[in-house]
Structures are given as structure tokens and as C-alpha cells.
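Overview (structure and organization)
Chain by chain, the residues:
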Amino acid sequence: MSTTMPPDAVRYPYAGQVPDHTENGHPHRRAGDRGAQRRPMRRSGDRVTTTHTVSLVVPAHNEARNIPWVFEQIPPCVDEVILVDGESDDATVPMAKHCLPTVRSVVQSGPGKGNALRTGFAAATCEYVVMMDADGSMWPGEIPHYLHFLDHGYDFVKGSRCIAGGGSLDFTRVRSLGNRALIAVVNRLYDASLTDLCYGYCAFRRSFLDALDLRSTGFEIEAEMIAHALRSGLRIAEVPSLELPRRSGRSHLHAVSDGRRVLRTLISERPGARSSTAAPVGER
């Protein structure tokens, strides 16, 4: 049975420190938001001491306008950045290489976010794997918090917008209600105590990639990862995360249809279900 951290037990790894996400009530989202000489940074006391190597997997489809902000926030603890391109028809790949010449660009193996992430995970070479979106809704400066829990015995770390220190500036009423309903389902079916589900900011030990047994092709892969981590008995921690609004462009998420796919995944992958030989959700 997996070990999940109760909401009141999850704290940032550095006592008394909370990410400086806001100033006068507004999130710091651009380097110019606080003057040309100041960009969103971690505090001077926040030092990453991990001795493990870190791969960052970033799926992207037509995110050229968002890539610069995301890439300039990546902390030095990340050893390799893998951009998984979903056949973008804008300058996503050239922009990524301009912002970070060492970026590894790979083309996803099929349509959908699930295929993109599976392609990126297969290309990763480091001990830890972090996944995040390319639209600017997730702050790369939070990555060290995820690594802290991996360094201290946990196998899978997921961000939560629903515990102290976390939040969302992009929750619609439909998304919020749907997320709460799906959390109730996963906690009931998997005997868990999670606080958030449909949020794709996660990190895990690459040695457990086979145990995660990922097969989904779409947005439901995030739920599949958590379901398989719980079912496999991995040690799971939640850390506070602030979801920002997409910086530019339109979201690829379809709340109702993707929510149905997530629900089907949770039910079909529950303990005791005959899921090991089932086809991926996107192919049913």
C-alpha cells in the first residue's frame, strides 16, 4: 500500500520559506514584471543539495511565445532539458534552441499529451525525471521542492494546488468541480488521501518508469501515472504548487471530454481490474 503524505504534513523543504509568487497581490510571471534587473528567483537560502541527475521533460505544441519565459526560469539543478515537439507549425523548436542551446528536441511518437510524455520519458537519461507544461502555467523555480522529497525517500512527487502554499489562478468553476469529483473517486478506489489529481507537475525516479507502465495517449496519462504509482505501492508525496494562467495562446485541454477519459482510466486501472492487457484509453 502506498505512503501518501497528509496535507497538513507537507511543507516546503526549507523551514519558514514560501515561494515569492506575488507582489501587491499579483503573481511574478515575467522578468520585466519587477524591473529589468530583477527576474523571478528563489531566495538566497534555497540551495539544492541533490547529488542525483535530473531530466526535465517539456511537451510542447505551438508554444514559441511561452518557451522563453519557461526556459529562463529553469534552475541549475536540472541536468538535461528534453523538449517533446508535437509537430508544431510555429517556431517552438528554433525558439527552444535559441533560449537553451543544450536542449534536446525529440518528436513525439503519436498525437496527444500522453504520447508526448511517454516519448520524453523514453528519451530521458537522468536518475530523476520532472515533467511540466510549456505554457507558463507552472513555475520551474518549484522544481527543487520536488527533488527534496525524492532525495528523502519518496518515489513519486506530485504538485498540489489544493494544500497550504498552493493554489490556482486558472481554475474555472467547471475545472474545479471536476477535479474535486475525480479526487474523491481516486481516493475511494485506491484507498488514498490525495488532495489534487488533474495537474501535470510531477517528478519521479526513472528507475520506476517500468512500474508506472504508461500506455495512455491523451491528458488522462497524468491520472494513469498516479493510479499506477498507488497500485504499485510507490511512496508518494504532494508538494504545494501555484498554477498560473497560460501566458499566451489557447489551452489544448477540453474539460468535459478529458474529464471523462480520466474517469474511465481511474476505473479501469483500479486495483483488481483487468487492466494489464487492456488497450490504451486513447485507442479504445
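Everything quoted here is computed from the prediction, not taken from an experiment.

A few words now on the nonpolar core. With 36 residues, the main nonpolar core has Leu56, Phe71, Leu83 and Ile143 as its most contacted residues. Going through the elements one at a time, strand E4 (54-60), helix H1 (67-72), strand E5 (80-85), helix H2 (92-99), strand E7 (128-131), helix H4 (143-151) and strand E11 (235-240) are the ones with two or more residues in this core. Excluding residues within four positions of it along the chain, Leu83 makes contact with Val58, Ala60, Ile67, Phe71, Thr92, Val93, Ala96, Val103, Arg104, Ser105 and Val106. Listed in part, the 34 residues of the second largest apolar core include Phe156, Ala192, Ala229 and Leu230.

Relative to the assigned elements, Ala184 resides in helix H5 (residues 173-190). In this structure, the C-alpha to C-alpha distance between Ala184 and Thr195, residues 11 residues apart in sequence, is 9.0 Å.

The complete set of buried residues in H2 reads Thr92, Val93 and Ala96. The buried residues of H2 all sit within an arc of 95° when viewed along its axis, so they share a single face. Residues of H2 that are exposed and point over 90 degrees away from its buried face: Pro94 and His98. Here the buried face of H2 lies against E4, H1, E5 and strand E6 (104-107).

This part is about a nonpolar patch on the surface. Taken together, the side chains of Leu189, Leu263 and Ile267 define a hydrophobic patch exposed on the protein surface, amounting to about 210 Å² of accessible area. Assignment of secondary structure puts Ile267 in helix H8 (residues 255-268). Under the relative-accessibility criterion, Ile267 is labelled partly exposed at 39%.

The next subject is the pairing of E4. Taking burial as the measure, the 7 residues of E4 include 7 buried ones, the bulk of the element. Alternating residues of E4 divide into Val54, Leu56, Val58 and Ala60 and Ser55, Val57 and Pro59, and every residue in both groups is buried. In the sheet, E4 pairs with E7 via 4 bridges, with the strands oriented parallel. Residue Leu56 lies in a different strand from E7, and its bridge partner there is Val130. Both E4 and E5 contribute to a ladder of 6 bridges, which runs parallel. Each residue of the ladder has a partner; that of Pro59, found in E5, is Val84.

A separate point is the packing of aromatic side chains. Across all of its chains, the model carries 5 aromatic pairs by this definition. Relative to Phe204, the ring of Phe121 lies with its centre 5.1 Å away and its plane at 85°, an arrangement referred to as edge-to-face. Here Phe121, found in helix H3 (residues 113-123), pairs with Phe204, found in strand E10 (residues 202-205); they are 83 residues apart in sequence, far enough to count as distant. We note that Phe121, like Phe204, is buried.

The next thing to look at is the confidence of the model for the protein. With 76% of its residues at a pLDDT of 70 or more, the protein has an overall mean of 82. Contacts for the low-pLDDT stretch residues 6-45, under 50 throughout, to residues beyond four places or in other chains number 75 contacts. The low-confidence segment residues 275-284, where pLDDT is below 50, has 22 contacts with residues more than four positions distant or belonging to other chains.

Attention now goes to H3. With 9 of its 11 residues buried, H3 lies for the most part within the structure. Every buried residue of H3 is listed here: Lys113, Gly114, Asn115, Ala116, Leu117, Thr119, Gly120, Phe121 and Ala123.

Here is what the cut-offs are and how they apply
- Residues numbered from 1 in each chain as written.
- Predicted model: local features only at pLDDT ≥ 70, side-chain atom pairs only at ≥ 80, totals over all residues.
- Heavy atoms only, no water.
- Core = buried A, V, L, I, M, F, W, Y, C linked by side-chain atoms within 4.5 Å.
- Buried < 20%, exposed > 50% of the residue type's maximum accessible area, 1.4 Å probe, protein only.
- Helix = DSSP H or I, 4+ residues; strand = E, 2+ residues; numbered from the N terminus.
- Contact = heavy atoms within 4.5 Å.
- Arc of directions from axis to C-beta.
- Patch = residues over 30% accessible without salt bridge, like charges linked within 9 Å, V, L, I, M, F, W, Y side chains within 5 Å.
- Areas by Shrake-Rupley, 256 points an atom, 1.4 Å probe, with all protein chains shown as cover.
- Salt bridge = Lys/Arg side-chain N within 4 Å of Asp/Glu carboxyl O.
- Pairing = 2+ DSSP bridges.
- Phe/Tyr/Trp six-rings, centres within 6.5 Å; stacked < 30°, edge-to-face > 60°.
- pLDDT = per-residue confidence, 0-100.

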